[in-house]
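Commentary on secondary and tertiary structure
Letter by letter, the chains look like this.
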Amino acid sequence: MALFPLAAIVYLAFCYTVHRKVVPVNTYGIYSVPTQHLATIKGAITSISIIIISIALYPIYDILNSLKSEEFFRVLSSHGHGVPLETINHISSPSFGNIDSLMALWRRTCSHHYSMGFIASLLVWVVATLAPGALTINTMLADGEMTAFAIGAVFPQSVFNGSYSSGPTLNATLNSEMAASIAWAEMQLAVQYSFGIINTSDPDYVAYIVPIPLDLATTTSARWLTDVIGINPSCSWAFTNMTRTFNISISDATAFLLDFDLDIEMTEYEIPSIDTTAFASVKGSGVRNHTTQAPATDGSTVFLLGQCLSGCSLPLFTPINFMLDLTGLPTFTIEVSDQTWSIAILVCVPNVTIETREVRNEGQGLLNVQPRPMTRQLARQGNLHPVQTTSLFSIATLSLTQSGGSMTGTDRSDYSSLGSQVQGAVLYGKQQWEGLPGDTAPDGTNVTITLAPLEDITKGYTQIIQSAAKSYLTGSLGTAYVPGRVSTTEVFFSSSIPNVAVSTVIFIILAVLIILAQFRPGRGTEFTLINVVAAVHGSELPAQFAQMKARRMADFVPARWTIIKMSSRILQRC
């Protein structure tokens, strides 16, 4: 009997323990615990749970059988004025099942002890179903040993080298074409290059740009410390000091961007050499800080947009005459040879902040930058030089006009002066850009292309620099080593607290019923011949048996004489 409370208490206590703390599955070397064997381990734990619950419920089964065996005598003793034989026959029959028990309960022909036993049997069925399912196993990621992670870095002099007396030397321009191609693949083809970055919910930044781990597979879960780039991009149309028309065929002109402290050198090479009436391009060289006259280091990208006012012509057999609508934008006028152009300048600035954060990869190829710790300051890892990293964004977009994906279809080549697929989708809106008429349009078709809202342009620019920066943060400019841990899969016990709670209540109720059953009257009375005779002694049952026997004999005698008469007739005929 002690097995019941002991097994139940141990099982429930273990279930509550694994719910509150992590208890790993330890096979002590007998059996390995890889993730592919989880189904086998779960089945074994369920089987063991069923065995434990069966041991805990064994005394209940014994008491229930005893209550059913004693019910015959309880019914006889509780009906002093006699009891229907049908009731006695049903109770004493081995085939007296659950339906018969329900009928007996409904008709109130059974004792209170039997009713209690029937309710207990229902509780046993419930707990035998719920309790084994309360305990199972799950997996979680646990940190491995501390190790060094190789990640992309931007070191001093890696983007541009200002140590030469003749001027700074750009060391990162060779990767600008690849940067534009990555932006095209991710934005236009929806093909992720290397790791992706989960959009931040940090109110301080719109997005993060993270140095890529070089030797880490996208399916490997890990976490590490690194300097990351928080960005709050902004794009706006620039006002300049250009108040009169300049002929840049004669001499170059310098436009001072009033709100950005930048000087833009305007040369005749800014105007496309092909026959066109409008253009849009990323300004490459000739962008300097107005105050220091040094190369700009704020990471800004300068877009030049031009609309021809006079002296321009389209190629022969071109059915479409398109123009950029610069209405309402700050513009200035320049002359090149016999052409007059209206120029608008769009400046996008990444607004870079470098911080040290913990970065995690959950095994899905998406890097998640963790929030800033509240109680301590993370040590700087030094893999991102502030000035060089910020300057990187100006170079990452240099080839956007040429290498950001060409217009699809031969009938879209007329718009090549307006930029690549990526640039056009950002500046004019993807729906308008992809819906422009092609060469099949009727001759003389006029198309006016409007600029997208600055909010949409800023969102597109954010995507561009997030994608383009991957070309530089994958080790092409340098490699640094930072501390990190590779996560391993650990198997641990877990429990369903609703199942455990219900099982606990039922076990308590059954324990109370067991205690009450120990003090029941008539306990231990067995269903034997002597006990049956003793139970029916002095009752009307023997007389009823005699009457039944007499009726059967009366029915038997006429039948016997009928058989004898039929036999005599047969013998006479023979």
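Before any of the text, the structure's been laid out above.
Summarised in this report is the structure supplied together with it. Just so it is clear, the structure is predicted and the values come from calculations on it, not from any experiment.

A short note on the overall build of the chain
- Regarding its fold elements, the chain presents 14 helices and 20 strands.
- When the 574 residues of the chain are sorted by exposure, 43% land in the buried category.
- Long-range contacts, defined as pairs at least 24 residues apart, comprise 77% of the intrachain contacts of the chain with a sequence gap of at least 6.

Considerations on the side chain of Lys 283
- Examined against the element boundaries, Lys 283 turns out to sit in the loop between β11 (278-282) and β12 (287-289).
- Of the polar contacts made by the side chain of Lys 283, one reaches the backbone oxygen of Glu 265; its length is 2.6 Å.
- Beyond its immediate stretch of four places on either side in the chain, Lys 283 contacts Ile 264, Glu 265, Glu 270, Val 302, Leu 304 and Leu 398.

A few points about the sheet that holds strand β10 (residues 262-266)
- Pairing is antiparallel across the open sheet formed by three strands, whose spatial order is β9-β10-β12. Both outer strands of the open sheet, β9 (253-257) and β12, are each paired with one neighbouring strand and no more. Within the sheet, the average angular offset between the axes of one strand and its neighbour, ignoring direction, is 30 degrees.

A few points about the state of the cysteines
- Applying the stated criterion across every chain yields a total of two disulfides.
- Here Cys 308 pairs with Cys 312 through a disulfide, and the sulfurs are 1.7 Å apart. Looking down the S-S bond of the Cys 308 and Cys 312 bridge, the torsion is 90 degrees, so its handedness is right-handed.
- The class of Cys 308 is buried, set by a relative accessible area of 12%.
- You can call Cys 312 partly exposed: its relative accessible area is 21%.
- Each disulfide of the chain joins two cysteines, and with those cysteines numbered along the sequence the arrangement is 1-4, 2-3.

Things to note about helix α9 (residues 421-428)
- Of all eight residues in α9, eight are buried, a share of seventy percent or more.
- Taken together, the buried positions of α9 are Gln 421, Val 422, Gln 423, Gly 424, Ala 425, Val 426, Leu 427 and Tyr 428.
- Of the residues flanking the end of α9, it is Gly 429, one or two places downstream, whose phi is positive at about 95 degrees.

Structural notes on the environment of Gly 365
- By secondary structure assignment, the location of Gly 365 is in the loop between β17 (352-362) and β18 (366-369).
- Taking the C-alpha atoms as reference, Gly 365 lies 5.0 Å from Phe 195; in sequence the two are 170 residues apart.
- When residues no more than four places from it in sequence are discounted, the contact partners of Gly 365 are Gln 192, Phe 195, Gly 196 and Thr 218.

A look at the packing of α9 against helix α11 (residues 454-468)
- Contact pair α9 / α11: the axes reach a minimum separation of 7 Å and the direction vectors enclose 150 degrees. If you check the angle between α9 and α11, you find them roughly antiparallel. Counting all contacts with α9, which are made through Val 422, Val 426 and Leu 427, the residues of α11 involved are Ile 457, Gly 460, Tyr 461 and Ile 464.
- A per-class count over the contact of α9 with α11 returns six nonpolar, one polar and no charged.

Side note on the packing of aromatic side chains
- Per the counting criterion, the structure on display carries six aromatic pairs.
- Centre to centre, the rings of Phe 14 and Phe 493 are 5.2 Å apart; their planes meet at 80 degrees, and the pair counts as edge-to-face. Here the residue Phe 14 occupies a position in helix α1 (residues 3-20), and Phe 493 occupies one in strand β20 (residues 479-495), the gap between them amounting to 479 residues.
- We classify Phe 14 as partly exposed; its relative accessible area is 31%.
- Looking at Phe 493, the relative accessible area reads 14%, which means it is buried.
- Seen from the ring of Phe 246, Arg 244 lies directly overhead, with NZ or CZ sitting 4.2 Å from the centre.

What counts as what
- Residues numbered from 1 in each chain as written.
- Predicted model: local features only at pLDDT ≥ 70, side-chain atom pairs only at ≥ 80, totals over all residues.
- Heavy atoms only, no water.
- Helix = DSSP H or I, 4+ residues; strand = E, 2+ residues; numbered from the N terminus.
- Buried < 20%, exposed > 50% of the residue type's maximum accessible area, 1.4 Å probe, protein only.
- Contact = heavy atoms within 4.5 Å.
- Polar contact = N/O pair within 3.5 Å; in protein donor to acceptor, adjacent residues only side chain to side chain.
- Pairing = 2+ DSSP bridges.
- Axes fitted to C-alpha atoms, helices over the stretch in contact; angles between N-to-C directions.
- Disulfide = S-S within 2.5 Å.
- Parallel < 35°, antiparallel > 145°, perpendicular 65-115°, else oblique.
- Nonpolar A, V, L, I, M, F, W, Y, C, P; charged D, E, K, R; others polar.
- Phe/Tyr/Trp six-rings, centres within 6.5 Å; stacked < 30°, edge-to-face > 60°.
- Lys NZ or Arg CZ within 6 Å of the ring centre and 35° of its normal.

Scope: geometric values only; no functional claims are made or implied.
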